[in-house]
There are 2 protein chains.
Amino acid sequence: MKTLYRPELLYSNGTFITGGELLVGEDGRIEALTNSFDRNHTHIVALPGKALLPGFINAHSHSFQRLIRGKSESRVTSGTDFWSWRGTMYHAANGLDPQQVYDVARMAFLEMLLSGTTTVGEFHYLHTTPNGQPYDDPNLLAKQVIAAAQSVGIRIVLLRTAYLRAGFELPPDPGQARFYETTDSFLHAMSELLPHRSDRVQFGVAPHSIRAVPLAGLRTIAAFARAHHLPLHMHVAEQLAENAACLREYGATPVTLLAREAILGSDFTAVHAVHVTSHEIQMLADARTSVCSCPTTERNLGDGFVPADAMLASGIRIALGSDSQAQIDPLEDARQLEYHLRLQHQKRAILDQLRGKSLAAELFDCATRNGAQSLAVNAGALQPGEFADCFTIDLNDPSIAGSSANDLLPILVFSLNRSAVRDVIIGGQHLIEDQHHPNQAEIIARYRALHTTIWPQPR
Amino acid sequence: MKTLYRPELLYSNGTFITGGELLVGEDGRIEALTNSFDRNHTHIVALPGKALLPGFINAHSHSFQRLIRGKSESRVTSGTDFWSWRGTMYHAANGLDPQQVYDVARMAFLEMLLSGTTTVGEFHYLHTTPNGQPYDDPNLLAKQVIAAAQSVGIRIVLLRTAYLRAGFELPPDPGQARFYETTDSFLHAMSELLPHRSDRVQFGVAPHSIRAVPLAGLRTIAAFARAHHLPLHMHVAEQLAENAACLREYGATPVTLLAREAILGSDFTAVHAVHVTSHEIQMLADARTSVCSCPTTERNLGDGFVPADAMLASGIRIALGSDSQAQIDPLEDARQLEYHLRLQHQKRAILDQLRGKSLAAELFDCATRNGAQSLAVNAGALQPGEFADCFTIDLNDPSIAGSSANDLLPILVFSLNRSAVRDVIIGGQHLIEDQHHPNQAEIIARYRALHTTIWPQPR
């Protein structure tokens, strides 16, 4: 049976329509945006007092890092830079058994759903046992993460990560024992995963970084991705030390090297891209690459400011990711693209009208359709043929109350609190009703037990 | 009858206590933190699965600016700098009748309560009719704001503002018509207000800024504040243009001038203090002044970065304010003190252990006890003699789930979402239960009607 959603306001292409309706087919895809159509044989869902919007696309997540939320905000436990922070992260990574990989992923995915996120790109790099041995199924942990997404209901693009070494001229790091593979074992595992593809489960290829994947392996892995038409994601230029090591090894910084090797392309997403020159931004734009920015994580890690103004002006699409899960708040990520520039330049409305779009529409696209393009999923906008992935907001929520069709978009982009998100629908399935997921109590109880195992309490 | 609150965790001085209890007297003040006491003749409120914390103190609010939330994020409507943004703000300020001043203040105060804020310092500068005539009661609008606070239940410190001119060598600005007074009319109005003082309504004196209050008036107003033992708040060094004008007029920048005039002091709060030198930070510290930072507004306005590291290291107490109401999110303000420094310096844990306190405790104090000190209210900490102003968080909220007594503080400071705030108690009165205020629907309905009046919709 088809379903017709009748919200008070319906988001479509940068504006809100009063009295619009969304018709969803039995296959979970949008059939039409309409306000005049035959209601026979259709299940009608009235959503009075609510606006219906396309779900957010989280293009870069490490779900297990939910475990280090709040655990890395001290000089004593996690040092004062990115590289010392990794020790805390490795502690969490190395303590998890396969069941716990599932449990923490469910916790992170539940919170994403409650925030209006309907697709997650999970950059997955936990592969082996804690002492570095492959499991009988070398994709066991990837499948645990996929099962977690299926259990919660979120659409997933598993970006299976290749992590081949600690770095240029560096010995293996025991903290990374669960990450390492060879190019061959990576390709073998990737090939085994692909037949598991479905509407709700898709795949991508993620050479971790220039630091962790030497050029020969990178060429092979990128060729594999392209042969299979898979999106290609990679951490690029997050930290200056990473750029310096690449320069020493290859005589070029990461973006320049990737451009020279023709690894950049419209299927490529450079995650972070914080430390890039204007010349490199032009290289990214020329190759039609996407950038995935993760502002709430980048501020937590002290990575630096992403030059979103130069990127958007040059035509680069910026997607967004929750990355370390310091916060799961897609619109907070979106507004930080603009706000961090305001702080640097002491100007306002910096990303407004850069290419004919309003500031709010530009940022909303970063949180939705740009992520969908980066992950190659048919979602991110409410239009016929796309998955019916969407969420509602309560128009009476105190964070946005008072707005109407023509001024709702800027207030929600700049001020919406999660308290406003009420329903979440994925592929036409009503997963969150009135801010509640049916398995919420069980997911949280299991996560609480796991948390105590990884971080035993002092007596 | 006394009330005993029995949460799962009780916040006290930077840590959480398991099984602690809070005893509140009939006068709305805390009598004891105890876990062994005579339960006769006491109303017991069990709060299982919740932590109880001191309420946030919002030390700098302009409640009517809730009306411009989302309305100033475009080059077309609000320009690209602070000074053009003011046009949008003036439009809202000039459209309000006394009833509407009340309605918008209730909306802002309701959202503060729902965020766990229990005291607001309202920097109030709307005094006259839209064409600049005093009302029959020159404090009519101040009293409307006070009535709004009383109606919602939030504790208020009305910082009555003196606004005497547009600026050095500037003609009067029609947009500021409702703000202007003389020193005499200000002092007269202030004297009339003071007898209205009560537990829930206190007063402070707020010369708007060096720009808007010339030195002669400032001296008189500061002397009045000191004679009446009232807190003294002033916008200081928010924008570079303000510093430059002060330098031209007085041969000194604002902080230097205020230090020279002995207007700085332990009763003085410098709001913003973004553009200050290290020498000026030392002047503020030497005078034992407070700084009130408003990071969510300062990033929205493009003011710049507050040098919180130098300030805290020199012993300055930093309070926090929601200011323009771009967001009402006290912990987002708190974490930005640290995060904006991380982005600038590409380091982490910058404010940790600066003076022997953990980063999370430092930031939590900014959101609570530092604000209480700035506003001179007996609140901001759960200790005997203080007002029983507090809120609860749901320990199963997805933004913080998994934490226990010894790691809850950093996760809530860095990651708590408003969705976790459940109860709000002011002076022992349970105002918000299960995230709901009894007058919520009426407050929002009235606000929605008002919003449409100020911003008529295009047909």
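Residues numbered from 1 in each chain as written. Chains lettered and ligands numbered in written order. Predicted model: local features only at pLDDT ≥ 70, side-chain atom pairs only at ≥ 80, totals over all residues. Heavy atoms only, no water.

What follows concerns the side chain of D323(B). When you line up the elements, D323(B) lands in the loop between β13 (317-320) and α12 (330-345). For the buried D323(B), no salt bridge is present, and the opposite-charge side chain at shortest range is R348(A), 11 Å distant. (Helix = DSSP H or I, 4+ residues; strand = E, 2+ residues; numbered from the N terminus. Buried < 20%, exposed > 50% of the residue type's maximum accessible area, 1.4 Å probe, protein only. Lys, Arg positive; Asp, Glu negative; His and termini not counted. Salt bridge = Lys/Arg side-chain N within 4 Å of Asp/Glu carboxyl O.)

Right, let's get into the packing of helix α5 (residues 183-193) of chain B against helix α6 (residues 215-227) of chain B. All names here are of chain B. Between α5 and α6, the shortest axis-to-axis distance is 10 Å and the interhelical angle comes to 15 degrees. As judged from the angle between their axes, α5 and α6 are roughly parallel. For the crossing formed where α5 meets α6, the hand is right-handed. Contact residues: α5 offers T183, F186, L187, M190 and S191, while α6 offers G217, T220, I221 and F224. Looking at the contact of α5 with α6 residue by residue, the class counts come to five nonpolar, four polar and no charged. (Axes fitted to C-alpha atoms, helices over the stretch in contact; angles between N-to-C directions. Parallel < 35°, antiparallel > 145°, perpendicular 65-115°, else oblique. Left-handed = near helix turned anticlockwise from the far one by under 90°. Contact = heavy atoms within 4.5 Å. Nonpolar A, V, L, I, M, F, W, Y, C, P; charged D, E, K, R; others polar.)

In this assembly, 72 residues from chain B lie in contact with 72 residues from chain A. Interface area, chain B with chain A, both sides summed: about 6,000 Å², of which 47% is carbon and sulfur. Per-residue buried area on chain B facing chain A is highest for R299(B), L343(B) and R348(B); these three make up 14% of the total on that side. At the boundary of chain B and chain A, one finds eight salt bridges. Ionic pairing is found between R348(A) and E73(B), a salt bridge with its closest N-O pair at 3.5 Å. The interface formed by chain B and chain A holds 34 residue pairs in polar contact (both at pLDDT 80 or more) in total. (Buried area = accessible area lost by both parts, 1.4 Å probe. Polar contact = N/O pair within 3.5 Å; in protein donor to acceptor, adjacent residues only side chain to side chain.)

Turning to the pattern of salt bridges, a few remarks are in order. Summed over all chains, the structure comprises 56 salt bridges over all chains. Each of R355(A), K357(A), E362(A), D365(A) and R369(A) takes part in salt bridges that share partners, so that together they form one network.

This part is about the layout of surface pockets. By volume, the largest pocket is sized at about 840 Å³. R422(A), Q435(A), S419(B), R422(B) and Q435(B) are the residues nearest the centre of the largest pocket, which is lined by 30 residues in total. Listed by contribution, the elements that provide at least two residues to the lining of the largest pocket are β15 (421-426) and α16 (440-454) of chain A together with β15 (421-426) and α16 (440-454) of chain B. Among the residues making up the lining of the largest pocket, the classes are represented as 10 nonpolar, 10 polar and 10 charged. (1 Å grid on protein atoms, 1.4 Å probe; cavity = no way out; pocket = protein on both sides within 12 Å on 5 of 7 lines; lining within 4 Å. Points joined across faces, edges and corners; volume = space filled by probe spheres on them.)

Next up on the list: the domain arrangement of chain A. All names here are of chain A. Taken domain by domain, chain A comprises domain 1 (2-54 + 380-427) and domain 2 (58-375). Here domain 1 and domain 2 have C-alpha centroids that lie 29 Å from each other. Of the residues lining the interface, 26 residues belong to domain 1; the matching set on domain 2 comes to 28 residues. Summing the contributions of domain 1 and of domain 2, the shared interface buries around 2,100 Å²; its carbon and sulfur component is 60%. Broken down residue by residue, the surface that domain 1 buries against domain 2 is led by F414, R418 and I426, which jointly contribute 33%. Run the count over domain 1 and domain 2 and you get three salt bridges. A salt bridge links R418 to E111; the shortest N-O distance between them is 2.6 Å. Joining domain 1 to domain 2, the criterion identifies nine residue pairs in polar contact (both at pLDDT 80 or more). Among the secondary structure elements, those contributing two or more residues to the side of domain 1 that touches domain 2 are β5 (42-54), β14 (390-394), α15 (408-415) and β15. Counting residues per element, the side of domain 1 that touches domain 2 draws most heavily on α15, which supplies six residues. (Domains from an automatic or database assignment.)

Here we come to the relation of the copies chain B and chain A. Rotating chain B by 180 degrees and moving it 0.0 Å along the rotation axis overlays it on chain A with an RMSD of 0.0 Å. Both chain copies can therefore be described as sitting about a two-fold axis. Among all residues of chain B, the one whose C-alpha sits closest to the rotation axis is S419(B), at a distance of 2.7 Å. Here 100% of the interface residues in chain B have copies in chain A that are interface residues too; the copies meet face to matching face. (Least-squares fit on C-alpha atoms with pLDDT ≥ 70 in both.)

A few words now on the confidence of the model for chain A. Keep in mind that low pLDDT regions are not for reading the predicted coordinates in detail. When pLDDT is averaged across chain A, the result is 96; 98% of the residues are at 70 or more. Scored as a whole, the predicted complex attains pTM 0.98, and scored at its interfaces, ipTM 0.97. (pLDDT = per-residue confidence, 0-100.)

Turning our attention to helix α15 (residues 408-415) of chain B. All names here are of chain B. Burial analysis of α15 places eight of its eight residues in the buried class, the great majority of the element. Among the residues making up α15, those that are buried are L408, L409, P410, I411, L412, V413, F414 and S415. On its buried side, α15 packs onto β1 (2-12), β2 (15-18), β5 (42-54), α12, α13 (359-367) and β14 (390-394).

With that out of the way, let us pick up the packing of aromatic side chains. All names here are of chain B. This model, assessed by the stated rule, comprises 27 aromatic pairs over all chains. With centroids separated by 5.6 Å and ring planes inclined at 70 degrees, the aromatic side chains of Y90 and F179 adopt a geometry described as edge-to-face. Here the residue Y90 occupies a position in helix α2 (residues 82-95), and F179 occupies one in the loop between β8 (155-162) and α5, the gap between them amounting to 89 residues. Residue classification places Y90 among the buried residues on the basis of a relative accessible area of 7%. The exposure class assigned to F179 is buried, which follows from its relative accessible area of 1%. Geometrically, the ring pair formed by Y163 and F179 is edge-to-face, given 5.0 Å between the ring centres and 65 degrees between the ring planes. Taken as a pair, Y163 in the loop between β8 and α5 and F179 in the loop between β8 and α5 lie far apart in primary sequence, 16 residues in all. Each member of the pair, Y163 as well as F179, carries the same accessibility label: buried. (Phe/Tyr/Trp six-rings, centres within 6.5 Å; stacked < 30°, edge-to-face > 60°.)

A word on the environment of Q344(B). Within the secondary structure, Q344(B) sits in helix α12. Each residue touching Q344(B), except ones within four places of it in the same chain, is listed here: F305(A) and F305(B).

So, about unusual backbone geometry. In this structure, Q435(A) takes a positive phi of about 70 degrees despite not being glycine. Its place among the elements puts Q435(A) in the loop between β16 (429-432) and α16.

With that settled, consider the nonpolar core. Judged by nonpolar contacts, the single largest core of 147 residues is most densely connected at F109(B), I393(B), L408(B) and L412(B). The leading source of residues in this core is helix α3 (residues 98-114) of chain B, at 11 residues. Mapping this core onto the domain boundaries places at least three of its residues in each of domain 1 (2-54 + 380-427) and domain 2 (58-375) of chain B. Among all residues touching I393(B), those that are not within four sequence positions of it are G49(B), K50(B), A51(B), L53(B), I400(B), L408(B), L412(B), L416(B), A420(B), V421(B) and R422(B). By size, the runner-up hydrophobic cluster in this structure holds 144 residues, among which are I221(A), I411(A), F414(A) and I443(A). (Core = buried A, V, L, I, M, F, W, Y, C linked by side-chain atoms within 4.5 Å.)

This paragraph deals with the environment of M112(A). All names here are of chain A. Mapped onto the secondary structure, M112 falls in helix α3 (residues 98-114). As a C-alpha pair, M112 and H91 span 21 residues in sequence and 24 Å in three-dimensional space. In this view, M112 contacts N58, S61, T117, V120, I154, S322, Q325 and I328; residues no more than four positions away in its chain are not counted.

What follows concerns the environment of V152(A). Residue and element names in this part refer to chain A. Inspection of the secondary structure puts V152 in helix α4 (residues 140-152). A relative accessible area of 1% places V152 in the buried class. For V152, the contacting residues outside a window of four places in its chain are R106, F109, L110, L113, L431, H437 and I443.

Another point: the packing of helix α12 (residues 330-345) of chain A against α15(A). All names here are of chain A. Between α12 and α15, the shortest axis-to-axis distance is 7 Å and the interhelical angle comes to 85 degrees. The angle between α12 and α15 places the two elements in the roughly perpendicular class. When α12 is examined against α15, the residues L331, R335, E338, Y339 and R342 are found in contact with a partner set consisting of L412, V413, F414 and S415. When its residues are assigned to classes, the contact of α12 with α15 shows five nonpolar, one polar and three charged.

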